[in-house]
Amino acid sequence: MSEEKLLREKRDWVIPQTYDWKEIISKFQLNFEVLRYIKTSIKSDNQNNLEDILNESMNYIRKLPQGWDDDNAPKFKEETIRRTSELVKEICHQIWEAEIEIPPPKIQHVADGSIDINWESDKFELLINIPDDIDKSVNFFGEYLGHPEDDIANRMNYVLVLEMIISWLKNIHALMR
Amino acid sequence: MAKKYSCPYEIESEENFLPSHFLYRGVPRGLWERWDDLDDFQPNFFTTKDVSQGMSVDWSKYANPGETLQRLRKPRLTENGISQLNVGKLRSCIQINNFLLEIKHTPESDNQAHSDIKGFNRGNTAEIRRKVSKIARWTPGFKPILIIR
């Protein structure tokens, strides 16, 4: 089987949530260049998926009118939407650059005008709530499932959240290995 | 001179909320219609617009889920589902996680069952909402009906 055909076949049917690259290399006898191509393609797929998810979610949230919950829920501020989107992009890009595979999160609107960034996988869960007011703290809670000693919970200023989250995700990724 | 209306119902203490009781709350379509799985409660269902007031619920001692549904602006399962939190499980969740939440009976003139879960502003709301969403369920017979629009 030619390398190209092997690559095409394997790329089409398997995009696992986590990647054991040593296993992939040995199992399919792929060389470094082919492996790099696969990783770049998968990263690009994740980025495209993320863009799609963010665009769809933010457009949906943006269009929600005042009272969308039948109980006076506020219309979402553009600033809240922007901060949510930027944080998600930064987290995902930095984590994917570190070759850690995490799926794009769910973006969920909350009746108090805040937005949840919600990751749920079989290994970890992470909830980040972006408040509707830039003066309010961002609340987040992360669980490395089955390892409560590695949970993270905090409330802090938006500008400090990225570094904390990246650090935690890298730590639990290292623990998973 | 305006008449001052007083609530005719006595406020009961927290210990009257028995472990077998439930707290009912309507969840509007605007929240659950985008959940991947309608049976998988997402943290965004558990919130309150006024943190100081707490989250409004109906106490099963004085209300059934049908009454809770009828009190909503759109009393139809295509628009609202009725969630339930078991008091025993909620208290256990509060205790295990050291949440500073309290269940308070706050009857209103037209709703003896009205109660509030208070204390959101005294903790990490992300953690509270994540943990509580895991013990929430749809009340049997009051799971919402998703209609694709």
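About the criteria used
- Residues numbered from 1 in each chain as written.
- Chains lettered and ligands numbered in written order.
- Predicted model: local features only at pLDDT ≥ 70, side-chain atom pairs only at ≥ 80, totals over all residues.
- Heavy atoms only, no water.
- Helix = DSSP H or I, 4+ residues; strand = E, 2+ residues; numbered from the N terminus.
- Buried < 20%, exposed > 50% of the residue type's maximum accessible area, 1.4 Å probe, protein only.
- Polar contact = N/O pair within 3.5 Å; in protein donor to acceptor, adjacent residues only side chain to side chain.
- Pairing = 2+ DSSP bridges.
- Axes fitted to C-alpha atoms, helices over the stretch in contact; angles between N-to-C directions.
- Contact = heavy atoms within 4.5 Å.
- Salt bridge = Lys/Arg side-chain N within 4 Å of Asp/Glu carboxyl O.
- Core = buried A, V, L, I, M, F, W, Y, C linked by side-chain atoms within 4.5 Å.
- Parallel < 35°, antiparallel > 145°, perpendicular 65-115°, else oblique.
- Left-handed = near helix turned anticlockwise from the far one by under 90°.
- Nonpolar A, V, L, I, M, F, W, Y, C, P; charged D, E, K, R; others polar.
- Phe/Tyr/Trp six-rings, centres within 6.5 Å; stacked < 30°, edge-to-face > 60°.
- pLDDT = per-residue confidence, 0-100.

1. Points about the overall build of chain A
At step 1: Helices and strands together make up the secondary structure of chain A, namely five helices and five strands.
At step 2: Sequence-ordered secondary structure for chain A, helices as α and strands as β, is α-α-α-α-β-β-β-β-β-α.
At step 3: Expressed as a percentage of the 177 residues in chain A, the buried residues total 45%.

2. Observations regarding the side chain of Asp116 of chain A
At step 1: Here Asp116 of chain A is to be found in strand β2 (residues 115–120).
At step 2: Within the structure, Asp116 of chain A has its side chain in polar contact with the side chain of Asn129 of chain A (distance 2.8 Å).

3. Points about the sheet that holds strand β4 (residues 138–144) of chain A
All names here are of chain A.
At step 1: Sheet architecture is open: five strands sit in the order β1-β2-β3-β4-β5, paired in antiparallel fashion. A single partner strand is all that each edge strand has here, and the edge strands are β1 (106–109) and β5 (152–156). Neighbouring strand axes in the sheet, compared pairwise and without regard to direction, differ in orientation by 15 degrees on average.
At step 2: In terms of strand pairing, β4 meets β5 through five bridges, oriented antiparallel. Paired with Gly142 across the two strands is Ile152, which belongs to β5.
At step 3: Lying on the sheet, helix α4 (residues 78–97) is in contact with β1, β2 and β3 (124–130); it crosses β2 at an angle near 25 degrees.
At step 4: Those strands touched by helix α5 (residues 158–176) are β3, β4 and β5, and its axis lies near 0 degrees from that of β4.

4. Considerations on the pairing of strand β4 (residues 102–105) of chain B
Side-chain direction in a regular strand flips from residue to residue, so the side chains alternate between the two faces of the sheet.
All names here are of chain B.
At step 1: Burial along β4 is one-sided: the residues Ile103 and His105 are buried and none of Glu102 and Lys104 is.
At step 2: In terms of strand pairing, β4 meets strand β5 (residues 114–118) through four bridges, oriented antiparallel. The residue bridging His105 from the neighbouring strand is Ser115, located in β5.

5. Things to note about the pattern of salt bridges
At step 1: This model, assessed by the stated rule, comprises 19 salt bridges over all chains.
At step 2: Here Arg82 of chain A ties to Glu79 of chain A by a salt bridge, and the two come within 2.5 Å at their closest N and O atoms. In this pair, Arg82 of chain A and Glu79 of chain A are both assigned in helix α4, three residues apart and thus about one turn of the helix distant.
At step 3: Residue Glu79 of chain A is classed as partly exposed on the basis of its relative accessible area, which comes to 33%.
At step 4: What emerges from the salt-bridge pattern is a single network uniting Lys106, Glu120 and Glu125 of chain A together with Asp36, Arg130 and Lys134 of chain B.

6. Things to note about the environment of Thr125 of chain B
At step 1: With respect to the element layout, Thr125 of chain B can be found in helix α4 (residues 125–133).
At step 2: Counting along the chain gives 110 residues from Thr125 of chain B to Glu15 of chain B, while the straight-line C-alpha distance between them is 24 Å.
At step 3: Contacts of Thr125 of chain B, omitting those with residues within four sequence positions, involve Asn139 of chain A together with Phe120 of chain B.

7. Observations concerning the nonpolar core
A general trend in soluble globular proteins is that nonpolar side chains are found buried together.
At step 1: Core analysis: the biggest nonpolar cluster contains 66 residues, and Ile128 and Leu169 of chain A together with Ile117 of chain B have the highest contact counts within it.
At step 2: When sequence neighbours within four positions are dropped, the list of residues in contact with Leu169 of chain A reads Ile91, Ile95, Ile102, Phe124 and Leu126 of chain A.

8. Quick word on the packing of helix α3 (residues 87–97) of chain B against α4 of chain B
Two packed helices can be described by the angle between their axes and the distance between those axes.
All names here are of chain B.
At step 1: Two numbers describe how α3 lies on α4: the axes approach to 10 Å, and their chain directions differ by 140 degrees. One element, α3, and the other, α4, form an angle in the oblique class. The handedness of the crossing between α3 and α4 comes out as right-handed. Taken together, the residues of α4 that come into contact with α3 (itself represented by Leu90, Cys93 and Asn97) are Glu127, Lys131 and Val132.
At step 2: Class assignment for the residues of the contact of α3 with α4 results in three nonpolar, one polar and two charged.

9. Quick look at the packing of aromatic side chains
All names here are of chain B.
At step 1: Counted under the stated rule, the structure contains eleven aromatic pairs over all chains.
At step 2: Ring geometry for Phe17 and Trp59: centres 3.8 Å apart, planes at 15 degrees, overall stacked. Placement of the pair is Phe17 in the segment before β1 (22–28) and Trp59 in strand β2 (residues 55–59), with a sequence separation of 42 residues.
At step 3: Note on Phe17: relative accessible area 1%, which makes it buried.
At step 4: A relative accessible area of 0% places Trp59 in the buried class.
At step 5: An angle of 50 degrees between the planes, with centres 5.2 Å apart, marks the rings of Phe46 and Phe120 as tilted.

10. Comments concerning the confidence of the model for chain A
Residue and element names in this part refer to chain A.
At step 1: With 75% of its residues at a pLDDT of at least 70, chain A reaches an overall mean of 84.
At step 2: Model confidence for chain A, summarised as mean pLDDT per element, is weakest for helix α1 (residues 3–13) at 49 and strongest for β3 at 97.
At step 3: Note on residues 9–17: pLDDT under 50 across the span, and eleven contacts to partners over four residues away in sequence or across chains.

11. Describing the environment of Pro8 of chain B
At step 1: Position of Pro8 of chain B relative to the elements: it lies in the segment before β1.
At step 2: Sequence-wise, Pro8 of chain B and Arg76 of chain B are 68 residues apart; in three dimensions their C-alpha atoms are separated by 29 Å.

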